[in-house]
Every structure is written in C-alpha cells, then in structure tokens.
Amino acid sequence: MIIAERKPINEIVNMVSDAKKILLLGCRGCVTVCSAGGEREVEILSSLIKLGMQKQGKSVEIIEGTLVRQCDKEYIDSIEQWKGQYDAIVSMACGVGVNFIANLMPSTRVYPAVNTSFFGGSADQGVWTEQCAGCGDCVLHLTGGLCPVARCAKSLMNGPCGGSVDGRCEIHPDVECIWQSIHDRLGRTGNADAMKAIAPIRDWSTAGHGGPRKTLRDDLTV
Amino acid sequence: MSFTPDIQAFCCHYTSQQTLAEGKEGLKEDGMPENVTLNRLVCTGKLQVSTLLKAFEDGADGVYVAGCPADTCHNVKGSQRAAKRVAAIKKALSELDVEPERIEMFHLERGFHPEFIEAAQVMNKRITELGPCPLKGEKK
C-alpha cells in the first residue's frame with residue numbers, strides 16, 4: 001500500500017489560513033490502513049485545524065468527509081454533494097488523491113494534509129517499511145523476492161556493496177543489508193547460481209526518469 | 001489578575017473509585033480542586049485522541065488522564081494506549097506552539113489513594129501558572 005504521514009499541523013494551518021470553510025476529505029484506501037488519512041484521522045485533524053485557527057484568532061467551519069477512494073473519478077465526482085459549502089479542500093489522501101481532485105476540479109483550491117512517503121507494508125503494529133519502489137521493471141524473480149531497488153540504500157543491482165557488517169547496512173545499521181538477505185535466501189532455496197549472473201546496466205526510463213508514466217489496458221477500455 | 005483554569009480529567013473506572021465512594025463533597029474535603037471536572041471511563045484505553053482534543057476545543061486550559069499503572073492495567077494495555085495518545089497530543093500541541101504540559105498522563109494505583117487528589121492538584125498548580133490556554137484564541 002501507499003504509506004503516508006500527516007504533515008506538521010502548523011504547515012497545514014498556514015496553507016488554509018485564509019479559508020473560512022474547509023472540506024476535509026479522508027480516503028478509505030491505503031491511508032486508512034496506515035492510519036494517516038482515514039475517518040479517524042479526519043476527525044483528529046479537524047479538531048487540530050480548528051484549534052490552530054482559533055489560536056490565531058480566526059474561526060473556521062469544517063465539513064468532514066471520507067471517500068471510498070480519491071484515485072477514481074467516480075468517487076471524486078461525489079464531492080459534488082458539498083458544492084458551495086466550502087472554499088478550500090484539504091485532502092488526507094496520498095498525493096494521487098490531491099492530484100485527482102486538482103485534475104477534475106479545475107477551479108477548486110486543494111491542499112495536501114499528508115506527506116506521501118513510499119510503497120510499503122506493516123512490519124509491526126504502528127511500523128511500516130518500504131518494500132517496493134515502483135520502478136516499473138521488476139527484478140524480484142532474480143533476487144529471491146527481495147527488492148534491491150527499494151531496500152538497498154544504494155539501489156545496487158549487483159550487491160552487496162562490501163560495506164555491510166554482520167548483515168546490516170553500512171548507511172542504516174538498523175536495516176538489514178538486503179543483498180546479504182538475497183544471497184542467503186537464494187542459497188536456502190537452492191538457487192545460489194543465480195548470484196553468479198551480472199545484472200546489466202539498468203534502463204531507468206521505466207522508473208519515472210522518462211517523465212510521468214501511464215498504463216493503458218486496451219482490453220479494459222470501451 | 002486571578003485565573004481559575006478549566007481542567008478536564010479523564011479517569012478510568014478503577015483509578016476513580018474514590019469519586020463514587022466519596023462523592024463531590026468528600027473529594028472537596030480531601031483537597032480536590034473544584035475547577036477539575038472528572039470524566040469517568042470504563043478504561044482509559046477507550047479514550048480517543050479526538051475526545052481529548054475536543055476537551056481543548058470546548059475550552060479546557062488543561063487536560064489529564066488518570067489510568068492504571070502501565071504494567072498492571074486492569075485491561076492489560078489500556079493505560080499504555082492512553083499514554084501513547086496523550087503523547088501524540090503533546091506532539092501536536094508543540095507543533096501548534098502550545099505548551100505540551102497542558103496535557104498529562106498519570107498512572108495511578110487503583111482504589112483509594114492520595115495520589116488521585118495529588119494529580120489534580122499538580123495539574124491545577126501547573127495550569128494556573130501557565131495561564132489561559134492559547135488555543136482559546138488571541139484577544140483581538
């Protein structure tokens with residue numbers, strides 16, 4: 001899922017400091033699961049914005065809502081139900097949601113309430129770790145299912161770098177050296193020979209270095 | 001200028017048994033400040049961040065939570081959860097440039113203990129010294 005984290009409250013209050021009526025929109029997708037922008041977080045942020053504005057001697061009305069998703073037009077369209085009741089939208093969805101609102105509502109002011117961080121999973125209760133970089137050319141079949149792009153600090157394609165100590169990364173000692181883990185895992189699964197292959201110089205154009213990416217599934221379009 | 005703070009206390013069933021047994025008058029005799037409003041809960045683990053923030057929205061100058069000792073909560077981890085939520089609000093208050101000590105977590109023994117009254121007195125003294133909560137807004 002996409003992992004996000006709420007922005008510092010002062011940053012959000014400053015964004016909307018001249019708004020009188022705010023539509024604060026959560027998302028029931030990834031940001032609900034990572035407790036950054038779901039219904040509960042909308043309730044909390046609503047209080048914090050009101051308190052922050054009150055501290056500045058201002059009052060603000062906040063309408064709270066949470067959409068099924070903010071990355072689909074059909075759900076963005078449902079914002080129509082609050083038409084005329086707000087002068088700015090604060091989205092607690094990931095950056096995709098904020099962009100979708102901006103794309104589909106050309107004359108509406110929209111602000112992000114979270115920092116969209118990475119693609120990850122729950123390592124423990126309240127802990128999320130990056131697992132995928134969305135680079136567009138998956139090599140997991142060569143690396144035992146462990147991603148060197150997202151999980152190696154240097155995104156090496158032929159690792160380890162030589163700096164790891166006791167299986168820990170030299171840059172972040174609290175993180176495992178993923179290349180050590182890849183080697184160990186390939187050995188355990190009887191595929192150690194795979195490590196003898198040298199990965200060629202990588203074409204990063206699929207990783208967004210060639211501009212915004214798009215997926216077109218002709219079989220799904222009508 | 002004299003200032004009497006509005007203090008909202010959120011206490012679990014177990015740490016606030018004294019309130020039931022002694023009633024308001026009994027607590028007053030024990031030294032409970034009258035400006036502390038007690039809100040009783042089944043367990044502080046039930047408390048949501050939004051409930052505590054609402055207390056500030058409603059005009060509290062200070063808020064505190066009294067739950068069981070962290071390692072012997074009647075509901076195992078209830079008071080630990082409450083402490084985490086209080087810590088989250090301390091962080092949010094700091095972000096808003098408001099004194100984080102306006103909210104506090106107290107881990108108290110269950111039943112009748114002078115610490116229950118002491119917690120209220122500590123908060124009353126602290127918040128009186130801090131003055132009105134800036135979240136109420138600057139006078140224009």
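Residues numbered from 1 in each chain as written. Chains lettered and ligands numbered in written order. Predicted model: local features only at pLDDT ≥ 70, side-chain atom pairs only at ≥ 80, totals over all residues. Heavy atoms only, no water.

## Quick word on the interface of chain B and chain A
- If you look at the interface, chain B gives 19 residues, while chain A gives 17 residues.
- Here chain B and chain A share an interface that buries about 1600 Å² over both sides, 55% of which is from carbon and sulfur atoms.
- The largest share of the area that chain B buries against chain A comes from B:Glu57, B:Glu95 and B:Leu96, three residues that together contribute 37% of it.
- In this structure, the connection of chain B to chain A is made through 2 salt bridges.
- For A:Arg6, the salt bridge identified is with B:Glu95, shortest N-O distance 3.6 Å.
- Element by element, the count of residues in the side of chain B that touches chain A is highest for helix H2 (residues 49-57) of chain B, at 6 residues.
- Its residues assigned to classes, the side of chain B that touches chain A comprises 8 nonpolar, 3 polar and 8 charged. (Contact = heavy atoms within 4.5 Å. Buried area = accessible area lost by both parts, 1.4 Å probe. Salt bridge = Lys/Arg side-chain N within 4 Å of Asp/Glu carboxyl O. Helix = DSSP H or I, 4+ residues; strand = E, 2+ residues; numbered from the N terminus. Nonpolar A, V, L, I, M, F, W, Y, C, P; charged D, E, K, R; others polar.)

## Points about the pairing of strand E3 (residues 62-67) of chain B
All names here are of chain B.
- For E3, the buried fraction is high: 6 of the 6 residues fall into the buried class.
- Here E3 shows a buried face lined by Gly62, Tyr64 and Ala66 and a second buried face lined by Val63, Val65 and Gly67.
- Since E3 and strand E4 (residues 103-107) lie parallel, the crossover through helix H3 (residues 78-95) that links them has a hand, and here it is right-handed. (Buried < 20%, exposed > 50% of the residue type's maximum accessible area, 1.4 Å probe, protein only. Right-handed = clockwise from strand over helix to strand, strands pointing away.)

## Section: the domain arrangement of chain A
- Splitting chain A by domain gives domain 1 (2-118) and domain 2 (134-200).
- The C-alpha-based centres of domain 1 of chain A and domain 2 of chain A are spaced at 38 Å. (Domains from an automatic or database assignment.)

## Things to note about the sheet that holds strand E5 (residues 110-112) of chain A
Residue and element names in this part refer to chain A.
- As summarised here, the arrangement of the 4 strands in space is E3-E2-E4-E5, forming an open sheet in which the pairing is parallel. Two strands lie at the open edges of the sheet, namely strand E3 (61-67) and E5, each paired on one side alone. Adjacent strand axes in the sheet meet at a mean angle of 25° when their direction is disregarded.
- Against the sheet, helix H3 (residues 39-55) touches strand E2 (21-27), E3 and strand E4 (88-91), its axis set at about 165° to E3. (Pairing = 2+ DSSP bridges. Axes fitted to C-alpha atoms, helices over the stretch in contact; angles between N-to-C directions.)

## Thoughts on the packing of H2(B) against H3(B)
All names here are of chain B.
- One way to put it is that H2 packs onto H3 with a least axis distance of 9 Å and a crossing angle of 45°. It follows that H2 is oblique to H3 by the angle criterion. The element H2 and its partner H3 pack so that their crossing is right-handed. Here Val49, Leu52, Leu53 and Phe56 of H2 lie close against H3, whose contacting residues are Arg85, Val86, Ile89 and Leu93.
- When grouped by side-chain class, the residues that make up the contact of H2 with H3 number 7 nonpolar, no polar and 1 charged. (Parallel < 35°, antiparallel > 145°, perpendicular 65-115°, else oblique. Left-handed = near helix turned anticlockwise from the far one by under 90°.)

## Points about H3(A)
Residue and element names in this part refer to chain A.
- Relative to the 24 Å expected for 17 residues at 1.5 Å per residue, H3 spans 25 Å between its end C-alpha atoms, a close match to the ideal helical length.
- Of all 17 residues in H3, 12 are buried; the element is thus mostly enclosed.
- Listed in full, the buried residues belonging to H3 are Glu41, Val42, Ile44, Leu45, Ser46, Ser47, Leu48, Ile49, Leu51, Gly52, Met53 and Lys55.
- Two residues or fewer after H3 comes glycine 57, characterised by a positive phi angle close to 80°. (Expected span 1.5 Å × (residues − 1).)

## Focus on the pattern of salt bridges
- Tallied over the entire structure, the rule returns 20 salt bridges over all chains.
- Between A:Arg28 and A:Glu39 there is a salt bridge, with the nearest N and O atoms lying 3.1 Å from each other. Of this pair, A:Arg28 sits in the loop between E2 and helix H2 (30-33) while A:Glu39 is found in helix H3, placing the two residues 11 residues apart along the sequence.
- The residue B:Lys91 makes a salt bridge to B:Glu95 at a minimum N-O spacing of 3.2 Å. Taken together, the residues span about one helical turn, with B:Lys91 and B:Glu95 both in helix H3 at a distance of 4 residues.

## So, the nonpolar core
- The biggest cluster of nonpolar side chains holds 43 residues, and the ones touching the most others in it are A:Leu45, A:Ile49, A:Val90, B:Leu52 and B:Phe56.
- Residue assignment for this core shows that the elements contributing at least two residues are helix H1 (9-15), E2, H3 and E4 of chain A together with H2, E3, H3 and E4 of chain B.
- Among the elements that line this core, the one with the most residues is H3(A), at 7 residues.
- Once you skip the residues sitting within four places of it in the chain, A:Val90 turns out to touch A:Ile12, A:Val16, A:Ile22, A:Leu23, A:Leu24, A:Leu25, A:Leu45, A:Tyr111 and A:Ala113.
- Counting 16 residues, the second largest nonpolar core, distinct from the first, contains B:Leu27, B:Val36, B:Leu108 and B:Phe116. (Core = buried A, V, L, I, M, F, W, Y, C linked by side-chain atoms within 4.5 Å.)

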